[in-house]
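Examining the three-dimensional arrangement
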Amino acid sequence: MAMKSLLGALAGAALVATGASAQETRIVVITHGQASDAFWSVVKKGVDDAGALMGVEVQYQAPQTFDMVAMKQLIDAAVASQPDGLVVSIPDAEALGDSIRAAVAAGIPVISMDSGLEVSKELGALLHMGIDEYPSGFAAGEKMKELGKTSGACVNMEVGNVALDLRCQGFADALDGNSQVIATSNDPTEIRAGVTGYLQQHGEIDAVLTAGSTAFDPALAAIEEAGLSDQIAIGSFDLSPTMLQAIAEGKALFGIDAQQYLTGYYPIVFLTIYDQYGMVPTNDVLTGPLFVMQDTAKQVIELSEQGYR
């Protein structure tokens, strides 16, 4: 049913594209995540699919690493080029806010996605697409508590990224404050070493949440290497093929699906319609969280292989 609904939405978008000269529309998408990343590659697929079906020009850009200075420069350059629409993630409103406001002041319609729900409207965006980060982290902690887990750790690969910080905070609050942040970079070697060191110093840990799929594989490897698989339950935000396989095999408890294909796809649809007809949804669109557990992992694996999850 999920795939049928998705195909229906895609078909509807294609029909819209035939109603006006959509080929004259150019939309720039700037995120903090590289298209080579497992999560962001799905976002980019959504962007590209929507662009093709709507018959518009789309450009996906991101800094080579998590770099707010570089991301701000990309936004400024995009604003100077006067696109018909701008899609941005907002991991750091303080660093990117002025550039986003400048886009709005220049008359460029903006939709925020993935991170930035709490500041999107304040900065002038039309709407936000993604998940509500803190409640999603809290729900992850509640899932752990259902198993009787009481002491957690949250692996945060981008400390300062408000979305990831809120995920970890929600997780800790659900565990009554009994969770600390393991701060790392996106380097798998550093993540594995950070988790290994933390486990050695905190023998009471029985629940680990990774704030993004990049951290999942090295965190799971560290847990298995320490011989703590029976003690520690692990879950993660976002999905990856190896994570889904681990869930299916019972090595991981859950993956939190933000349905990132939609966060890439629908802003292109909405901005094309806005450019051609002046219409846009008035409310933010939440695409998750959806918890992928062992009983649903197989279906999601099939969709992941097609690039949709």
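Provided above is the structure to which this section pertains.
Report on the accompanying structure. (Residues numbered from 1 in each chain as written. Predicted model: local features only at pLDDT ≥ 70, side-chain atom pairs only at ≥ 80, totals over all residues. Heavy atoms only, no water.)

1. Describing helix α10 (residues 260-277)
Quick reminder of the rule: Going along the chain from the N terminus, every DSSP run of H or I of four or more residues is numbered as a helix, and every run of E of two or more is numbered as a strand. One less than the residue count of a helix, multiplied by 1.5 Å, gives the span that helix is expected to have. Each residue's exposure class comes from its accessible area (1.4 Å probe, protein chains only) as a fraction of the maximum for that residue type: buried when under 20%, exposed when over 50%, partly exposed otherwise.
End to end, α10 covers 26 Å across 18 residues, agreeing with the expected 26 Å (1.5 Å per residue, within 8%). Where burial is concerned, most of α10 is hidden: 13 out of the 18 residues are buried. Directly after α10, the chain includes G278, whose backbone phi takes a positive value near 75°.

2. Some thoughts on the pattern of salt bridges
The condition that has to hold: For this analysis, a salt bridge means a side-chain nitrogen from Lys or Arg found within 4 Å of a carboxyl oxygen belonging to Asp or Glu.
Following the criterion strictly, the structure yields 10 salt bridges and no others. Two residues, D48 and K44, come together in a salt bridge whose shortest N-O distance is 2.7 Å. On the criterion of helical spacing, the pair formed by D48 and K44 is a turn pair, its members being four residues apart in helix α2 (residues 38-54). The exposure class assigned to D48 is partly exposed, which follows from its relative accessible area of 32%. With relative accessibility at 27%, the residue K44 sits in the partly exposed group. A salt bridge links K45 to D49; its shortest N-O distance comes to 3.4 Å. Of this pair, K45 and D49 both sit in helix α2, four residues apart, roughly one helical turn. Because the salt bridges share partners, they merge into one network encompassing E133, R167 and D238.

3. Thoughts on empty space enclosed by the protein
The condition is simple: Using a 1 Å grid laid over the protein atoms alone, points where a 1.4 Å probe fits but cannot get out form a cavity; open sets with protein on both sides within 12 Å along at least 5 of 7 lines form a pocket; any residue with an atom within 4 Å of a point counts as lining. Grid points are joined across faces, edges and corners, and a volume is the space filled by probe spheres set on the points.
Across all of its chains, the model carries one cavity of 30 Å³ or more by this definition. By volume, the largest cavity is sized at about 30 Å³. Taken together, F39, D114, G130, I131, E133, R167, A258 and T263 make up the full set of residues lining the largest cavity.

4. Details of the state of the cysteines
In plain terms, the rule: We call a pair of cysteine sulfur atoms a disulfide when they lie within 2.5 Å.
Applying the stated criterion to the full structure yields one disulfide. Two residues, C154 and C168, share a disulfide whose sulfurs are 2.1 Å apart. The chirality of the disulfide connecting C154 with C168 is left-handed, given an S-S dihedral of about -65°. You can see C154 sitting in strand β6 (residues 152-156) and its partner C168 sitting in helix α6 (residues 162-174), a full 14 residues away along the chain. Of the two residues, C154 and C168, both sit in the buried class.

5. Side note on the sheet that holds strand β11 (residues 285-286)
Selection criterion: Following DSSP output, two strands are said to pair if at least two bridges run between them. We call two residues contacting when some pair of their heavy atoms lies within 4.5 Å. Between N-to-C directions, angles span 0 to 180 degrees; the directions come from axes that are lines fitted to C-alpha atoms, helices contributing only their stretch in contact.
Here six strands make up an open sheet; going across it, the order is β2-β1-β3-β4-β5-β11 and the pairing parallel. A single partner strand is all that each edge strand has here, and the edge strands are β2 (57-61) and β11. Bridge count between strand β1 (residues 26-30) and strand β3 (residues 85-88): four bridges; the pairing is parallel. Following the sheet pairing, I27 is matched in β3 by G85. Lying on the sheet, α2 is in contact with β1, β2 and β4 (110-114); it crosses β2 at an angle near 165°. The sheet contacts of α10 involve β1, β2, β3, β4, β5 (127-130) and β11, and relative to β5 the element is tilted by about 155°.

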